[in-house]
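# Architecture and fold: a report
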Amino acid sequence: EDKVVQSPLSLVVHEGDTVTLNCSYEVTNFRSLLWYKQEKKAPTFLFMLTSSGIEKKSGRLSSILDKKELFSILNITATQTGDSAVYLCAVRNAGGTSYGKLTFGQGTILTVHP
Amino acid sequence: DAGITQSPRHKVTETGTPVTLRCHQTENHRYMYWYRQDPGHGLRLIHYSYGVKDTDKGEVSDGYSVSRSKTEDFLLTLESATSSQTSVYFCAITPRQGSNTEAFFGQGTRLTVV
């Protein structure tokens, strides 16, 4: 059974801090790892990672994948109150009829105080 | 929003009554998924479909059934609702097999079983 574990489960920081969110996984037939941000509604897509060691970057957010050690990190620099959200990590299975099936971690609740 | 509509958006129902949630898509995507989201659990897969009349169970399928009689609609039925099924339900789609893109989510249905 595919499994995704995120840490920490919650994090409280002040504006301007840098945070690192962790995601470790076990999946039978790995296709990709995805990060989502959720603010009291549907998850919104941040990054998709398929190759080890290649950093994906979008503004203050960046992410990298290590397929040997089976984990990914999401970094947020110079945090703002608008970064407060639940961050979800998911792995995509590539096998047969399970194709596209996403297994999610528990999520990390990030709270950024002014 | 990738052309995904969930209905209803909110529902309160009594224990023991049947409930059907609908997910409608306009993009002719093959793969559709039903997830539930509860505090501390991230998103958990209930059922998924890989084509018309082709469905399979996810990790938390007990108490739920699904049907997909046409490409655009994926229905989730709670045969006899219980309080443990109080949750937020998300429908998601992924494009055709072989296309490694992000999953797109509907806006969610908040279901309360009293």
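In the block above lies the structure referred to throughout.
Conventions adopted
- Residues numbered from 1 in each chain as written.
- Chains lettered and ligands numbered in written order.
- Predicted model: local features only at pLDDT ≥ 70, side-chain atom pairs only at ≥ 80, totals over all residues.
- Heavy atoms only, no water.
- Helix = DSSP H or I, 4+ residues; strand = E, 2+ residues; numbered from the N terminus.
- Buried < 20%, exposed > 50% of the residue type's maximum accessible area, 1.4 Å probe, protein only.
- Contact = heavy atoms within 4.5 Å.
- Lys, Arg positive; Asp, Glu negative; His and termini not counted.
- Charge placed at Lys NZ, Arg CZ, Asp CG, Glu CD.
- Pairing = 2+ DSSP bridges.
- Axes fitted to C-alpha atoms, helices over the stretch in contact; angles between N-to-C directions.
- Disulfide = S-S within 2.5 Å.
- Polar contact = N/O pair within 3.5 Å; in protein donor to acceptor, adjacent residues only side chain to side chain.
- Buried area = accessible area lost by both parts, 1.4 Å probe.
- Salt bridge = Lys/Arg side-chain N within 4 Å of Asp/Glu carboxyl O.
- Nonpolar A, V, L, I, M, F, W, Y, C, P; charged D, E, K, R; others polar.
- Core = buried A, V, L, I, M, F, W, Y, C linked by side-chain atoms within 4.5 Å.

### Quick notes on the overall build of chain B
- The number of helices and strands found in chain B is zero helices and eleven strands.
- Starting at the N terminus, the α and β elements of chain B follow one another as β-β-β-β-β-β-β-β-β-β-β.
- Reported as C-alpha extents along the three principal axes, the dimensions of chain B are approximately 40 × 30 × 25 Å.
- Of all 114 residues assigned to chain B, the portion counted as buried reaches 51%.
- Residue pairs in contact within chain B that sit at least 24 positions apart in sequence constitute 54% of those at least 6 positions apart.
- Of the side-chain charges in chain B, 12 are positive and 12 negative, and the distance between the mean point of each set is 2 Å.

### Focus on the sheet that holds strand 1 (residues 3-7) of chain A
Residue and element names in this part refer to chain A.
- With antiparallel pairing, the five strands of this open sheet are ordered in space as 1-3-8-7-6. Looking at the sheet topology across the chains shown, the edges are occupied by strand 1 and strand 6 (56-58). Each neighbouring strand pair of the sheet contributes to a mean axis angle of 15°, computed without reference to strand direction.
- Pairing of strand 7 (residues 61-66) with strand 8 (residues 71-76) involves six bridges; the strand directions are antiparallel. Bridge pairing links Leu-61 to Ile-76 in strand 8.

### Focus: the state of the cysteines
Residues and elements named next belong to chain A.
- For the coordinates displayed, the defined rule picks out two disulfides over all chains.
- What pairs with Cys-23 in a disulfide is Cys-89, and their sulfur atoms sit 1.9 Å apart. On the sign convention where negative means left-handed, the S-S torsion of about -70° between Cys-23 and Cys-89 marks this disulfide as left-handed. Remark: Cys-89 occurs in strand 9 (residues 85-93) and Cys-23 occurs in strand 3 (residues 19-26); sequence separation between them is 66 residues. In this pair, the class of Cys-23 matches that of Cys-89, namely buried.

### Some points on the side chain of Asp-73 of chain B
- Of note, Asp-73 of chain B is situated in strand 8 (residues 73-78).
- At a separation of 3.1 Å, a polar atom in the side chain of Asp-73 of chain B contacts the side chain of Arg-22 of chain B.

### With respect to the sheet that holds strand 3 (residues 19-25) of chain B
All names here are of chain B.
- Strand order in this open sheet of four strands is 1-3-8-7, and the pairing throughout is antiparallel. What marks the edges here is a single partner per strand, and that holds for strand 1 (4-7) and strand 7 (64-70). This sheet shows a mean twist of 20° between the axes of neighbouring strands, independent of strand direction.

### Looking at the interface of chain A and chain B
- Facing the 23 residues of chain A at the interface are 24 residues of chain B.
- Together chain A and chain B conceal approximately 1,900 Å² of surface at their shared face, both sides included; 54% is due to carbon and sulfur atoms.
- Linking chain A with chain B are zero salt bridges, by the criterion used here.
- Viewed at the interface, chain B and chain A are joined by four residue pairs in polar contact (both at pLDDT 80 or more).
- Considering every element that reaches the side of chain A that touches chain B, the biggest residue donor is strand 4 (residues 30-38) of chain A, with five residues.
- Residues that form the side of chain A that touches chain B fall into these classes: ten nonpolar, nine polar and four charged.

### Examining the nonpolar core
- Counting residues in each nonpolar core, the largest one holds 21 residues, and the members touching the most others are Tyr-25, Leu-33, Trp-35, Tyr-87 and Leu-110 of chain A.
- Looking at this core, the elements with two or more residues in it are strand 3, strand 4, strand 5 (44-49), strand 7, strand 8, strand 9 and strand 11 (108-113) of chain A.
- Beyond its immediate sequence surroundings of up to four residues, Tyr-25 of chain A is in contact with Lys-3, Val-4, Phe-30, Leu-33, Leu-65, Asp-66, Lys-67, Leu-70, Phe-71 and Val-91 of chain A.
- Formed by 20 residues, the second largest nonpolar core is a distinct cluster that contains Ala-90 of chain A together with Leu-45, Tyr-50 and Phe-105 of chain B.

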